[in-house]
Amino acid sequence: MTKKLNIGLFGFGVVGESLWQVLRQKPSLNASISKVCIKHPEKPRNAPASLFTTDPDDILNDTSINVVVELIDDAEAAWKIVGGALKKRKAVVSANKKLIAEHLVELLELQSAYNAPFLYEAACCASIPVVRNLEEYYDNDLLQSISGIVNGSTNYILTKISEDGLDFPKALKQAQEKGFAESDAALDIEGTDAINKLTILLIHAYGIIARPEELTYTGITRLHENDAQFAREKGYEIKLIAHAHKLNNEKVAAFVFPQFLKKDNPLFYVKNEYNGVIIESGLADKQFFNGKGAGGFPTASAVISDLSALRYDYRYEYKKLFNQQPTALTNDFYIRVYVSFDAGYALPADLFEQIEEWAGNDRRNHVLGTLHFSKLANEDWWKHNNISVILQPDAFVSQPAKRVKARFEELLLV
Ligand code: HSE
């Protein structure tokens, strides 16, 4: 006999309403929503008025409610709700990646102090079951790398620009209308949502606790029309990619950047609001997960999977953090990039260890070359002056030969 789940839901937006509809239509799930806490009672809702409250305590103090599902967009308000619910020893399911990324340490402490489960499969790549897979299936020692498209809105925008010729504002508006974007869409387009998700992947993949602001990232707002033109000429797609790669020294390189992809990369074919994750392990080689990364029902599907897991008392054990040797992050590696900038701007050649191409016209120039990653992680030259940095398809390189750099400098002098 499985446990009956009596749910108090916070938030009745795109995902909350989808969850309500699914649970109502599927009594076999043995889970029902008895109260929904909302912020705007004046909004019309497709559910009986008696279901709603504006007082969080109506859920938190109700002892018949054994599960809190948190689906609101305000991370700080969510922190109060989730913290309050765990302290009452209620199980909590959340889709709030910002909350998790920003309060990971406190959330770990609360789970342990109050012995209450906290699950969040929906917070990372929505319908793709990546969190539980990393937690349960992949051993830290064997896990070589994760690379993925983890934000549906930016992927939708890039697809609409490249395939339908939409301009950026129109494509963004569509992503918002379809319910893919965050209420504050800057989180999507500036890469913050992707880096928040990467911090979640890091703890379950490698036992690394990283604060989002410690990691280097950018979104798609710096991309330039000439970058798209370059991609078209080479037969590349530009995608926003989150990376976590274990290097030869066993440390992990983790960052989010736009990247040119070739047709040999399965992420090349991931379009619209879909997400894709490639997991590379020592023995299994590459595995590819593909699925909807945003939207009401796809996200609700992950929430439902967490609810089912709660019925058999599943909780994350954070195995890599507590039971295995956790590893550490590093910025000490080399990366192949494309940098584009306005003609007239003097990009210092000494940023590069190696330069493969320096070309341009009277409006825009680009360089293909290899940088030490600290030039991106510790310096902010690339965040100003209309500069765009895109990773090359085969971005990771071992130490480049300085000789080639010297040769290039000779050429510049001639
Ligand atoms: N705004 C997010 C995205 C929603 O576009 O991926 C799903 O996390």
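Residues numbered from 1 in each chain as written. Predicted model: local features only at pLDDT ≥ 70, side-chain atom pairs only at ≥ 80, totals over all residues. Heavy atoms only, no water.

Chemist: Honestly, helix α10 (residues 192-206) in this entry has me stumped. Any pointers?
Modeler: Each α-helix turn comprises 3.6 residues. Residues three or four places apart therefore point the same way. Spanning 15 residues, α10 covers 21 Å between terminal C-alpha atoms, matching the ideal 21 Å at 1.5 Å per step. In terms of residue burial, α10 counts as a mostly covered element, since 15 of its 15 residues are buried. Taken from the residues just after α10, G207 is the one with a positive phi, measuring 70°. (Helix = DSSP H or I, 4+ residues; strand = E, 2+ residues; numbered from the N terminus. Expected span 1.5 Å × (residues − 1). Buried < 20%, exposed > 50% of the residue type's maximum accessible area, 1.4 Å probe, protein only.)

Chemist: Looking at this structure, how should I read the domain arrangement of the protein?
Modeler: Interface size is commonly expressed as the accessible surface area that is lost when the partners come together. Domain boundaries assigned for the protein yield domain 1 (5-125), domain 2 (133-292) and domain 3 (334-412). If you average the C-alpha positions of domain 1 and of domain 2, the two centres end up 27 Å apart. Listed as interface residues are 14 residues of domain 1 and, on the opposing side, 20 residues of domain 2. Between domain 1 and domain 2 the total buried area reaches about 1,400 Å² when both faces are included, carbon and sulfur atoms providing 67% of it. Of all residues in domain 1, the largest losses of buried area upon contact with domain 2 belong to K97, A101 and C125, amounting jointly to 39% of the total for that side. Taken together, the connections running from domain 1 to domain 2 amount to two salt bridges. (Domains from an automatic or database assignment. Contact = heavy atoms within 4.5 Å. Buried area = accessible area lost by both parts, 1.4 Å probe. Salt bridge = Lys/Arg side-chain N within 4 Å of Asp/Glu carboxyl O.)

Chemist: Help me understand the packing of helix α3 (residues 75-87) against helix α5 (residues 104-114) in this model?
Modeler: Two numbers describe a pair of packed helices, the interaxial angle and the distance between the axes. Contact geometry of α3 with α5 gives a least axis separation of 9 Å together with a crossing angle of 20°. For the element pair α3 / α5, the angle class is roughly parallel. In the packing of α3 onto α5, the handedness of the crossing is left-handed. Residue-level contacts link W79, V82, G83, L86 and K87 of α3 to E106, L107, L110 and Y114 of α5. Across the contact of α3 with α5, the residue classes break down as six nonpolar, one polar and two charged. (Axes fitted to C-alpha atoms, helices over the stretch in contact; angles between N-to-C directions. Parallel < 35°, antiparallel > 145°, perpendicular 65-115°, else oblique. Left-handed = near helix turned anticlockwise from the far one by under 90°. Nonpolar A, V, L, I, M, F, W, Y, C, P; charged D, E, K, R; others polar.)

Chemist: What is the right way to look at the sheet that holds strand β5 (residues 91-94) in this model?
Modeler: Sheet strands pair by backbone hydrogen bonding; their relative direction is either parallel or antiparallel. Strand order across the open sheet formed by six strands is β3-β2-β1-β4-β5-β6, with parallel pairing between neighbours. Each edge of the sheet is formed by a strand with only one pairing partner; in this case those strands are β3 (52-53) and β6 (118-119). Pairing analysis gives six bridges linking strand β1 (residues 5-10) to strand β2 (residues 31-37), with the strands arranged parallel. Paired with L9 across the strands is V36, a residue of β2. (Pairing = 2+ DSSP bridges.)

Chemist: What is the right way to read the site of the ligand from this model?
Modeler: Residues in contact with the ligand, as listed here, are K97, N151, G152, S153, F180, A181, E182, D188, D193, K197, G293 and A294. Between the ligand and K97, the relevant distance is 2.6 Å, taken from an oxygen atom to a side-chain nitrogen or oxygen of the residue. The backbone of F180 places a nitrogen or oxygen atom 2.8 Å from a nitrogen atom of the ligand. Considering the ligand on its own, with 260 Å² of exposed area, one finds that the protein chains cover 93% of that surface. Looking at the shell around the ligand, the elements with two or more residues in it are α7 (152-164) and α10. (Near = heavy atom within 4 Å. Polar contact = N/O pair within 3.5 Å; in protein donor to acceptor, adjacent residues only side chain to side chain. Areas by Shrake-Rupley, 256 points an atom, 1.4 Å probe, with all protein chains shown as cover.)

Chemist: Explain unusual backbone geometry here, please?
Modeler: Negative phi characterises most residues that are not glycine, and trans characterises most peptide bonds. Positive phi is not limited to glycine here, since D313 has a value of about 60°. In this structure, D313 sits in the loop between α12 (296-311) and α13 (319-322). You will see that N386, though not glycine, has its phi angle at about 60°, which is positive. Take N386: it is sitting in the loop between α14 (374-377) and β16 (388-397).

Chemist: What exactly am I supposed to notice about the layout of surface pockets here?
Modeler: Summary: where empty space remains is shown by rolling a probe the size of a single water molecule over the atoms. Taken as a whole, the second largest pocket holds about 770 Å³ of empty space. Looking at the second largest pocket, it is lined by 31 residues, and the ones nearest its centre are S145, H245, E280, A395 and F396. No other element matches β16, which puts five residues into the lining of the second largest pocket. Its residues assigned to classes, the lining of the second largest pocket comprises 13 nonpolar, eleven polar and seven charged. Here the lining of the second largest pocket gathers at least three residues from each of two domains, domain 2 (133-292) and domain 3 (334-412). (1 Å grid on protein atoms, 1.4 Å probe; cavity = no way out; pocket = protein on both sides within 12 Å on 5 of 7 lines; lining within 4 Å. Points joined across faces, edges and corners; volume = space filled by probe spheres on them.)

Chemist: I would appreciate a short explanation of the nonpolar core in the present structure.
Modeler: Within soluble globular proteins, side chains that are nonpolar generally end up buried alongside one another. Residues L19, V69, V130, L202 and L307 are the most contacted members of the largest nonpolar core, which totals 104 residues. No other element matches the nine residues that α10 contributes to this core. Counting residues domain by domain, this core receives three or more from each of domain 1 (5-125) and domain 2 (133-292). Each residue touching V69, except ones within four places of it in the same chain, is listed here: I7, G8, L9, F10, L19, V93, V303 and L307. V337, F352, F373 and V389 belong to the second largest nonpolar core, which has 24 residues in total. (Core = buried A, V, L, I, M, F, W, Y, C linked by side-chain atoms within 4.5 Å.)

Chemist: Honestly, the environment of V68 in this entry has me stumped. Any pointers?
Modeler: Counting through the fold element by element, V68 comes out in strand β4 (residues 67-70). As a C-alpha pair, V68 and I33 span 35 residues in sequence and 9.5 Å in three-dimensional space.

Chemist: I would appreciate a short explanation of empty space enclosed by the protein in the present structure.
Modeler: Counted according to the given criterion, the structure contains one cavity of 30 Å³ or more. There is about 40 Å³ of room inside the largest cavity. Residue lining of the largest cavity: T218, G219, R222, L223, F257, P258, W382, S388 and V389, and that is the complete set. A class-by-class count of the residues in the lining of the largest cavity yields five nonpolar, three polar and one charged. Each of two domains, domain 2 (133-292) and domain 3 (334-412), supplies a minimum of three residues to the lining of the largest cavity.

Chemist: Honestly, the pairing of strand β7 (residues 143-149) in this entry has me stumped. Any pointers?
Modeler: A regular strand places its side chains so that they alternate between the two faces of the sheet. In terms of burial, β7 is largely enclosed, as six of its seven residues are buried. Summarising the sheet, β7 and strand β11 (residues 274-281) pair through six bridges and their orientation is antiparallel. The residue bridging L143 from the neighbouring strand is S281, located in β11. The pairing of β7 with strand β9 (residues 237-246) spans four bridges and is classified as antiparallel. For S147, the partnering residue across the bridge sits in β9 and is H243.

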